[in-house]
Amino acid sequence: MTATSSPTTMPRPIPFSEPPYLCGLPSAYYTPSHLRWQKACRAFVTENLHQHALDWEREEAVPPHVFQNFAEANMLIPNLPAPLPVEWLHKLGIHDILRAVKVEEWDYLHTSIFCDEISRSGLAGPSASLTTGMAFGVPPLIKFGSKELQEKFLPDLLLGKKRTCIAITEPGAGSDVANIETTAEKSEDGKEYIINGTKKWITNGIWSHLCTMAVRTGGPGPSGLSMVVVPLLDYPGVSMRRLKTGGSSTSGTTFIELSDVRVPVFNLIGEEGQGMKYIMTNFNHERLTIAVGVTRQSRVALSAAFEYCLQREAFSKVLMEQAVVRHRLAKAGALLESQWAWVEQFVYQMTKLSKAEADVELGGLTALVKAQAGMVLDECARCAVLLFGGNGFTRTGRGEIAERIYRDVPGARIPGGSEDVMLDLAVRQLVKNYQRQTKLLERPRGSSKL
């Protein structure tokens, strides 16, 4: 066995509750570094988040000190794409995470473990309240921001002294990013952008000091888009209000109005007109991390139902003795474990490909794995609610976790690119890659050479 303990020496978990590598089964993916990280990560996240996550979701708020606890332990850093920005982290005195893994050793399997562990409560909201800004708002600044722009903003963001978010979606432009209407026009002296428009469904926006915002600096279509760092909290011209959502009540979903918001041109990320490229590159990391976390939610829902069916009696016997119950669990379980195997394979491939290679070869498949994760969650959550029966339709009591996860399902299938758009994007990208490669193999007209 590779980097695991024998199944006979480990406590037997509820079926479907843990990925195979945590059940003592062999895995070719995980090294001692990954296993050390998993143990340290689980201990920290359980103590600082999961033991109170359900209470906080009921109250629709995660206390501010939780974010600070994560920041002080450098446990916001794992949200960043791998490899981590080692030079910046060393500059800030960050050399390891929880003394379990050095930042220069970090790869996408470490990232996947973090995304899996932080989702173990089964609730999307509490973890999203902490992670979304660092995961999706900071990477464009690291990848494309000028050295001067990074010097201005990265220290406070990486250390968790300030909070940020990603602001792309608008009332009239969600997955259709190219039709964003928020404008950023230069002032007469050319020193400032004057921003007008609205942003909607912005996770973490309500408490963010800054955001990485998609704006229109040019004409229509994707070539007119740029990305700018825009101050939010208490900034002139910015108005924010929290939106009530069906699930993920603690994630801080926000509506942002921008009226003549003046931002220095200095805050431009990269080059004008390159915003669409930056957004698409950022989406790959977002969709992969969503897929990992959502697959863990499926585990929580299905294993909770499995445990319940071992105990609940109906028609003079426990539910698990009913063939129809076992059939329903089996169908959902097959989907779950197939999805996890694909996610693991996908993450492993990320550790072996360069960023440029991964964007080309896995870009479309990233959309597909994210879409599939949402569909699997839908099946597992529905299965859990049905098997919990009336308890699964109740917001308190034994089936509360299944009911809450089921309300989170749309939050898995819509944000980060809605499901139908992701399915279409995946196939279009596969066709594009295939046609490009086959064209390279075509013989020149009139030539016998391959």
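The shown structure was predicted, so the numbers you read here are calculated from the model rather than taken from an experiment.

1. Remarks on the overall build of the protein chain
The secondary structure content of the protein chain amounts to 13 helices and 12 strands. With respect to the principal axes defined by its C-alpha atoms, the protein chain has extents near 80 × 70 × 45 Å. Across the 450 residues in the protein chain, those meeting the buried criterion constitute 53%. A sequence separation of at least 24 residues applies to 73% of the contacts in the protein chain between residues at least 6 apart. Summed over all atoms, the accessible surface of the protein chain reaches about 20300 Å², with 54% contributed by carbon and sulfur. Considering the protein chain, the positive charge centre built from 49 side chains and the negative charge centre built from 47 side chains are found 4 Å apart.

2. Observations regarding unusual backbone geometry
Omega for the peptide link from Ala82 to Pro83 comes to -5 degrees, which places this bond in the cis form. Of note, Pro83 is situated in the loop between α2 (64-72) and α3 (86-91). Even without glycine at this site, Asp260 takes up a positive phi of about 50 degrees. We note that Ser316 has phi near 70 degrees; this positive angle belongs to a residue other than glycine. Among the secondary structure elements, Ser316 is positioned in the loop between β11 (313-314) and β12 (317-318).

3. Focus on helix α5 (residues 124-137)
In this model, α5 (14 residues) spans 18 Å end to end at C-alpha, consistent with the 20 Å of a helix rising 1.5 Å per residue. Along α5, the helix axis deviates most sharply at Thr131, where the bend reaches about 50 degrees. Summarising burial for α5: 13 of the 14 residues are buried, a large majority.

4. Let's talk about the state of the cysteines
A full pass over the atoms with the stated rule returns zero disulfides. Between Cys23, a free cysteine, and Cys380, which holds the nearest cysteine sulfur, the sulfur-to-sulfur gap is 15 Å. The buried category is assigned to Cys23, whose relative accessible area is 17%. Residue Cys41 stays outside any disulfide, its sulfur separated by 9.2 Å from that of Cys115, the closest cysteine. Residue class for Cys41 comes out buried when judged on its relative accessible area of 0%.

5. Regarding helix α12 (residues 400-413)
By the largest-angle criterion, Arg407 marks the main kink of α12, which is about 30 degrees, and a proline, Pro410, follows within four residues. Among the 14 residues in α12, 10 count as buried, and that is most of the element. Taken residue by residue, α12 has Glu400, Ile401, Ala402, Glu403, Arg404, Ile405, Arg407, Asp408, Val409 and Ala412 as its buried positions. Where α12 is buried, its residues contact α1 (32-59), α5, α8 (275-311) and α11 (363-388).

6. Describing the packing of α1 against helix α4 (residues 108-117)
One way to put it is that α1 packs onto α4 with a least axis distance of 9 Å and a crossing angle of 30 degrees. As the angle between them shows, α1 and α4 are arranged roughly parallel. Crossing geometry of α1 relative to α4 is assigned as right-handed. Facing Ser33, His34, Trp37, Gln38, Cys41, Arg42, Val45 and His50 of α1, the residues of α4 in contact are Leu109, His110, Ile113, Phe114 and Glu117. Residues belonging to the contact of α1 with α4 are distributed by class as follows: six nonpolar, five polar and two charged.

7. Let's talk about the UniProt feature "domain: Acyl-CoA oxidase/dehydrogenase middle" (unreviewed entry) in the protein chain
Taking the numbering used here, the UniProt-annotated feature "domain: Acyl-CoA oxidase/dehydrogenase middle" (unreviewed entry) corresponds to residues 165-260. This span, residues 165-260, is 0% helix and 45% strand, and a straight line between its end C-alpha atoms measures 20 Å.

8. Remarks on the environment of Gly364
Relative to the elements of secondary structure, Gly364 occurs in helix α11. For the pair formed by Gly364 and Asn284, sequence separation is 80 residues and the distance between their alpha carbons is 8.8 Å. Excluding its chain neighbours within four sequence positions, the residues that come into contact with Gly364 are Ala426 and Gln429.

9. A word on the UniProt feature "domain: Acyl-CoA dehydrogenase/oxidase C-terminal" (unreviewed entry) in the protein chain
Residues given the UniProt feature "domain: Acyl-CoA dehydrogenase/oxidase C-terminal" (unreviewed entry) here are residues 273-430. Between the first and last C-alpha atoms of residues 273-430 the distance is 26 Å; the span itself is 80% helix and 3% strand.

10. A closer look at the pattern of salt bridges
All chains considered together, the criterion is met by 21 salt bridges. Glu403 is the salt-bridge partner of Arg407, the closest N and O atoms lying 2.7 Å from each other. Taken together, the residues Arg407 and Glu403, both in helix α12 and four residues apart, mark about one turn of the helix. The pair Arg407 / Glu403 is uniform in exposure class, with both members buried. Here the salt bridges share partners, and the residues they tie into one network are Glu18, Arg42, Asp116, Glu117 and Arg296.

11. Overview of the nonpolar core
If you look at the biggest cluster of nonpolar residues, it comprises 107 residues, and the most contacted ones within it are Trp37, Phe70, Met75, Ile77, Ile97 and Leu158. In terms of residue count, α8 provides more of this core than any other element does, 17 residues in total. By size, the runner-up hydrophobic cluster in this structure holds 18 residues, among which are Ile202, Met213, Val238 and Val263.

Parameters and conventions
- Residues numbered from 1 in each chain as written.
- Predicted model: local features only at pLDDT ≥ 70, side-chain atom pairs only at ≥ 80, totals over all residues.
- Heavy atoms only, no water.
- Helix = DSSP H or I, 4+ residues; strand = E, 2+ residues; numbered from the N terminus.
- Buried < 20%, exposed > 50% of the residue type's maximum accessible area, 1.4 Å probe, protein only.
- Contact = heavy atoms within 4.5 Å.
- Areas by Shrake-Rupley, 256 points an atom, 1.4 Å probe, with all protein chains shown as cover.
- Lys, Arg positive; Asp, Glu negative; His and termini not counted.
- Charge placed at Lys NZ, Arg CZ, Asp CG, Glu CD.
- Expected span 1.5 Å × (residues − 1).
- Bend = angle between axes of the 7 residues up to and from the residue.
- Disulfide = S-S within 2.5 Å.
- Axes fitted to C-alpha atoms, helices over the stretch in contact; angles between N-to-C directions.
- Parallel < 35°, antiparallel > 145°, perpendicular 65-115°, else oblique.
- Left-handed = near helix turned anticlockwise from the far one by under 90°.
- Nonpolar A, V, L, I, M, F, W, Y, C, P; charged D, E, K, R; others polar.
- UniProt positions renumbered as here; feature names shortened; annotations may be inferred.
- Salt bridge = Lys/Arg side-chain N within 4 Å of Asp/Glu carboxyl O.
- Core = buried A, V, L, I, M, F, W, Y, C linked by side-chain atoms within 4.5 Å.

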